[in-house]
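Listed here are the chains, written in short residue letters.
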Amino acid sequence: MRYSFVFVGLSCLAAVGFGIGATQKSVSSTVKIPKSVTYAENIAPILNAHCTSCHHDGAVAPFSLVGYEASKKQSANIASATDGKRMPPWKAVHGYGTFLDENRLTESELTILKTWAETGAARGDVKKEPKPQVFSNDWDLGKPDVILTQTKPFKLEAEGADIYRNFVFDLKNTEPVYVTAMDVKPGNRKVVHHIIGFLDAGNGATRLAKNNTDGQEGYTSSGGGIGTVPSGSLGGWAPGVTVRKTLPGTAFVVKPGTKIVMQVHYHKDGKPEMDQTKLGLYTTKVKPEKEVDILWCANPMFQIPVGAASHRVAWKQTIPADATIYTVMPHMHLLGKSMKAKLVKSDGTEVPLVFVDKWDFNWQLVYALKEPLQVKKGWKIAVEAIYDNSDANPYKTNRAVTWGEQTTDEMALLVIGYTSDTPIDMKTQIKQMVLDFAKGGN
Ligand code: HEC
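Residues numbered from 1 in each chain as written. Predicted model: local features only at pLDDT ≥ 70, side-chain atom pairs only at ≥ 80, totals over all residues. Heavy atoms only, no water.

A. Quick look at the site of the ligand. As a matter of local geometry, the ligand sits amid 22 residues, with Cys51, Cys54, His55, Arg86 and Met87 nearest to it. Between the ligand and the protein, one listed contact pairs a nitrogen atom with a side-chain N or O atom of histidine 55 at 2.7 Å. Note that an oxygen atom of the ligand is positioned 2.7 Å from one of the side-chain N or O atoms of arginine 86. With four residues, helix 4 (residues 75-83) is the largest single contributor of residues to the shell around the ligand. By residue class, the composition of the shell around the ligand is 14 nonpolar, seven polar and one charged. (Near = heavy atom within 4 Å. Polar contact = N/O pair within 3.5 Å; in protein donor to acceptor, adjacent residues only side chain to side chain. Helix = DSSP H or I, 4+ residues; strand = E, 2+ residues; numbered from the N terminus. Nonpolar A, V, L, I, M, F, W, Y, C, P; charged D, E, K, R; others polar.)

Here it is, written out as structure tokens:
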């Protein structure tokens, strides 16, 4: 019974996971501030490098920023969104940890965007405009080796609470399948909120699907869990997340008998809708030297008082085996304000992991470390999370908030993508967590 919180943590995968190594796409550029700012020479290069991957027709953002006309129409919004650091959506503080594909604007780029909006958004010399970018809304990494999808479109009612629907797939593999990436094509963007790929080595998910009586494929579970303890995860998909392959020599492993559970978080939109989502797997025949897995670094023992503007939840978790860390993903809900995580070596030296200073529930990014980090058994991960349950937060509640699955509950969780020669299975993780808490936790 005393371990039960960890299972809650596991099922919270729903909001988590978004892909080992899934990050935002972009290229960075440095610019000096010119005398007169034009679209052709100054603005297009910035938008093309930092914005259009999401802001093009058919992509995740609500409007396109491709070409002069579209961008001019948005010039004031572009200035305000970038100045307010809402866009591009990159939340990790620069310089605290170093990540792949950091999508951040320099101060001079911010000034250029602002100046352009304030000076009438001129086009400039059309001949100097960069060549129009071509976007494909097809699979980013090419056609997946395996595509899993519901046999029939799933019917969603018009109204009611969000649901978590689990579709169970059996690859029927007799040998392990090595997965280097998972990508998703949501069937109906209006209702698909996000998707997680779970692994179930047992028969729990299969049994739940079989016993389901609502006449449709799969089964609905509550709050984001899959109704049984999963044995792993392939990560997930959310708007804006771009998929990358695991590093050479590493892969997720789907053992014979293990099922893949595609969990779709549906958000009802007031009309009956249908959805048939595709989950694509990229595989390799080459046996990986190391298996990619997920380490949960969580503190489920907190209570955020009513009215608290800066409630601090801090904890340290011991790393149970030598390992290599590739990705970090802070996870909180609507009261989250900031999260800072660092590594503490046995000699007390500290290494920054990640710092999100302005937490935004809508942008839960997975940050891929530029240099994977070798860590030793016994080192600690120290996390500090700050929550705001005061009037300053539009999502404040009128109760003391504790750990839970619902969005209106909270979490204090850092999800770590790692490889290790010594598998750190769930039992080992739970044991370590309990030991750490028995020693005071922080
Ligand atoms: C990872 C995908 C992504 C990237 C990259 C991105 N956007 Fe967005 N943008 C979105 C999404 C999704 C929304 C709608 C939801 C929201 O507002 O958060 C949005 C909303 C906006 C809005 C309207 C809302 C607001 O906050 O004002 C503006 C303006 C905007 N983006 C400008 C930009 C600019 C300029 C860039 C590049 C510097 C950029 N975006 C980069 C995904 C992206």
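Text resumes after the structure shown.
B. Region of interest: the domain arrangement of the protein chain. Each assigned domain of the protein chain is listed here: domain 1 (39-128), domain 2 (143-288) and domain 3 (292-438). Taken residue by residue, the interface counts 11 residues in domain 1 and 18 residues in domain 3. Overall, the association of domain 1 and domain 3 removes approximately 1,400 Å² of surface from exposure, summing both partners, and the carbon and sulfur fraction of that is 72%. Summed over the three residues of domain 1 that lose the most area to domain 3, namely Lys91, Tyr96 and Phe99, the buried surface amounts to 50% of that side. For the pair domain 1 and domain 3, the number of links is one salt bridge. The partner of lysine 91 in a salt bridge is aspartate 360, with the nearest N and O atoms 4.0 Å apart. Counting every contact that joins domain 1 to domain 3 gives five residue pairs in polar contact (both at pLDDT 80 or more). (Domains from an automatic or database assignment. Contact = heavy atoms within 4.5 Å. Buried area = accessible area lost by both parts, 1.4 Å probe. Salt bridge = Lys/Arg side-chain N within 4 Å of Asp/Glu carboxyl O.)

C. Molecular detail of the packing of aromatic side chains. Counted by the stated rule, this structure contains 10 aromatic pairs. A ring pair is formed by tyrosine 96 and phenylalanine 355, whose centres lie 5.9 Å apart and whose planes are at 70°; its orientation type is edge-to-face. Taken as a pair, tyrosine 96 in the loop between helix 4 and helix 5 (107-118) and phenylalanine 355 in strand 17 (residues 350-356) lie far apart in primary sequence, 259 residues in all. According to the relative accessible area criterion, tyrosine 96 is buried, its value standing at 17%. (Phe/Tyr/Trp six-rings, centres within 6.5 Å; stacked < 30°, edge-to-face > 60°. Buried < 20%, exposed > 50% of the residue type's maximum accessible area, 1.4 Å probe, protein only.)

D. Structural detail: the coordination of the iron atom of the ligand. Distances from the iron atom of the ligand to its protein donors, His55 (NE2) and Met87 (SD), fall at 2.0 to 2.3 Å. Considering all six donor atoms around the iron atom of the ligand, angles at the metal cover 85 to 179° and the coordination shape is octahedral. Taken together, the residues span a long stretch of sequence, with histidine 55 in the loop between helix 2 (39-50) and helix 3 (68-73) and methionine 87 in the loop between helix 4 and helix 5 at a distance of 32 residues. Judged by relative accessible area, histidine 55 falls into the buried class, the value being 10%. The class of methionine 87 is partly exposed, set by a relative accessible area of 28%. (Donors = N, O, S within 2.8 Å, 3.2 Å for Na, K, Ca; no water. Tetrahedral: all angles 85-135°; square planar, octahedral: opposite > 155°, others 65-115°.)

E. Focus on the confidence of the model for the protein chain. Chain-level statistics for the protein chain give a pLDDT mean of 87 and a share of 91% at 70 or above. Overall, residues 1-29 carries pLDDT values under 50, and its contacts beyond four positions in sequence, including any with other chains, amount to 111 contacts. (pLDDT = per-residue confidence, 0-100.)

F. Fine view of unusual backbone geometry. Look at the link from methionine 87 to proline 88: it is a cis peptide, with omega at -10°. With respect to the element layout, proline 88 can be found in the loop between helix 4 and helix 5. Even without a glycine there, the phi angle at alanine 121 is positive, about 50°. In this fold, alanine 121 is placed in the loop between helix 5 and strand 1 (146-149). If you check the backbone angles, lysine 172 has positive phi at about 55° while not being a glycine. Residue lysine 172 is classed as exposed on the basis of its relative accessible area of 69%.

G. Region of interest: the pattern of salt bridges. Evaluation of the coordinates by the stated rule reveals 15 salt bridges. Across the pair aspartate 214 and arginine 165 runs a salt bridge whose closest N-O atoms are separated by 2.6 Å. Placement of the pair is aspartate 214 in the loop between helix 6 (204-211) and strand 6 (219-221) and arginine 165 in strand 3 (residues 163-170), with a sequence separation of 49 residues. Judged by its relative accessible area of 43%, aspartate 214 falls in the partly exposed class. Arginine 312 is the salt-bridge partner of glutamate 384, the closest N and O atoms lying 2.5 Å from each other. Separated by 72 residues along the polypeptide, glutamate 384 in strand 19 (residues 380-387) and arginine 312 in strand 14 (residues 311-318) bring together distant segments of the chain. The exposure class of glutamate 384 is partly exposed, given its relative accessible area of 28%. With relative accessibility at 51%, the residue arginine 312 sits in the exposed group.

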